[in-house]
Amino acid sequence: MIQEHEYKKRRNRFLKKLKNNTIAIFSSAKAKTRSNDTQYPYRQDSNFYYLTGFKEDNSYLIFVKKNYKTKSFLFVKKKESQDELWHGKRLGKKEAKKRFSVDKVILSGKFKKLKKELKKKYKIDKNAFKVVAQMRLIKSKAEINLIKKAINITKKAHHGVISFDKTSKYEYELQSEIEYIFKKYGSYSDAYTSIVASGDNANILHYIDNKDILIDGDLILIDAGCEYEYYASDITRVIPVNGKFTQAQKELYNLVLQVNKKIIKMIKPNIKRTKLQQKAEIYLTKGLVKLGILNGNYKKLIKNKQHKKYYPHGIGHWMGLDVHDDAPYKDENDKEIKLQKGMVLTIEPGIYISKDDKTVPKRFRGIGIRIEDDILVTKKSYKNLSSKIVKSIYEIESMGYKYKTSP
Ligand code: GLY
Ligand code: MN
Ligand code: MN
């Protein structure tokens, strides 16, 4: 758990950066209707959560800076017995005053009126969201601990499905197993809808239908990560339905694995993410030429973007309160932000070969591989936070189970 003093520190840092004679407003996420009168589970807005740690809807935060003096107001919903009967307890104004070190706690019913009055007197700081995004780039110790917890639960889920008997099972059964393990170990939710993509489905990057039966001889790409106390994890592993990789699957898998490892080893402060991207493209393209999937000089292939057919996405992204963390990649001068201590990013090279791609040797068709880890940038290098989640062919095959070939 992150304590109020850390949230307070964040608000103070934000207030320092707030322009003079302006106000900034942060709102809680709106509760979303699923259909008619049924609701999606509520999930707080990440920026609002980052500044408060408060999980209730109908809440607002207003910051005011006048003549370099600052004030912060938190709005919370009034406690009402009927509302609490149907939807659960609210913190209420009295308890909120005790919990939050803000200048004033006000009931949400007064938010609109006060906002209108303040807007007449002050400009709204349009930069506010960018400032928070910038702050979210560097994680505190407490944040890193929560990410570690999320990854540890995610590890249990991935290991759980590696040893899960997949005989005559459907993709959604693995998804259910993963999500059961997330909840069992204290995660309230996944950080994104789990991708359980067997065979050619792995070539749809964000496949979430998870509806097909698992076929003996196919691979399954599992991209699944839980959220713990609002912090994400984002892990992809690829495992064989029957527990054993074929020779062609091994060749592709090991190529992606080598690239995953080489790029992770490059991580250190001051390196650029685009450098990691370039290197990943070079290694993957060279590998694809070696396997006879692409033909020609790797430099020319990259120049003509021919490798994009098999590796169409980025090498990774920031991760934190959101799986694709809402933090900038460029600074205010439009210059790329270099890696720094405390940043967390994913590394996720992949190769995707459609079953219909007649230009590729037949044995590689219908295979999609991505191997994704979550990396913390440290003072001198990096720490692979997901290093305990197995990824070598030997480890995966050793954790297998007895597959019963279908009758
Ligand atoms: N799970 C989405 C991604 O890997 O970016
Ligand atoms: Mn990712
Ligand atoms: Mn992912």
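Residues numbered from 1 in each chain as written. Chains lettered and ligands numbered in written order. Predicted model: local features only at pLDDT ≥ 70, side-chain atom pairs only at ≥ 80, totals over all residues. Heavy atoms only, no water.

**Q** Help me understand the overall build of the protein, please; the structure alone is not making it clear to me.
**A** Looking only at helices and strands, the protein has twelve helices and 18 strands in total. Taking 22 Å as the expected radius of gyration for a compact globule of 407 residues, we find that the protein reaches 24 Å, a close match to that expectation. Seen through its principal axes, the protein has C-alpha atoms that stretch 70 × 50 × 35 Å. Taking all 407 residues of the protein together, 51% fall into the buried category. In the protein, of all internal contacts separated by at least 6 residues, the share reaching a separation of at least 24 is 71%. A total accessible area of about 21000 Å² is found for the protein, and carbon and sulfur atoms account for 51% of it. Computing the positive centroid from 87 side-chain charges and the negative centroid from 46, the protein places the two 8 Å apart. (Helix = DSSP H or I, 4+ residues; strand = E, 2+ residues; numbered from the N terminus. Rg over C-alpha atoms; globule rule 2.2 N^0.38 Å. Buried < 20%, exposed > 50% of the residue type's maximum accessible area, 1.4 Å probe, protein only. Contact = heavy atoms within 4.5 Å. Areas by Shrake-Rupley, 256 points an atom, 1.4 Å probe, with all protein chains shown as cover. Lys, Arg positive; Asp, Glu negative; His and termini not counted. Charge placed at Lys NZ, Arg CZ, Asp CG, Glu CD.)

**Q** Would you mind showing me how to read the coordination of the manganese ion (ligand 2) here?
**A** In ideal tetrahedral geometry, four donors around a metal make angles of 109.5 degrees, whereas ideal octahedral geometry with six donors gives angles of 90 or 180 degrees. Surrounding the manganese ion (ligand 2) are the protein donor atoms Asp234 (OD), His317 (NE2), Glu348 (OE) and Glu372 (OE), at 2.0 to 2.2 Å. For the manganese ion (ligand 2), the six donor atoms in the first shell make angles of 51 to 155 degrees at the metal, so the coordination geometry reads as irregular. For the manganese ion (ligand 2), the donor residues sit on a single chain with the sequence spacing D-x82-H-x30-E-x23-E. Between the two metal centres, the manganese ion (ligand 2) and the manganese ion (ligand 3), the spacing is 3.3 Å, with Asp234 acting as a shared donor. Of this pair, Glu348 sits in the loop between strand S14 (344–347) and strand S15 (350–353) while Glu372 sits in the loop between strand S16 (367–370) and strand S17 (373–377); the two residues are 24 residues apart in sequence, bridging distant segments of the chain. In this structure Glu372 comes out as buried when scored by relative accessible area, which is 0%. (Donors = N, O, S within 2.8 Å, 3.2 Å for Na, K, Ca; no water. Tetrahedral: all angles 85-135°; square planar, octahedral: opposite > 155°, others 65-115°.)

**Q** Hey, could you run me through the nonpolar core in this one?
**A** Looking at soluble globular proteins, one finds that nonpolar side chains tend to be buried together. Counting residues in hydrophobic clusters, the biggest one holds 113 residues, and the most contacted among them are Phe14, Phe26 and Leu276. Look past the residues within four positions of Phe14 in its chain and what remains in contact with it is Ala24, Phe26, Leu51, Phe63, Ala128, Val131, Val132 and Met135. In this structure, Ile62, Phe111, Leu118 and Tyr122 belong to the second largest nonpolar core, which totals eleven residues. (Core = buried A, V, L, I, M, F, W, Y, C linked by side-chain atoms within 4.5 Å.)

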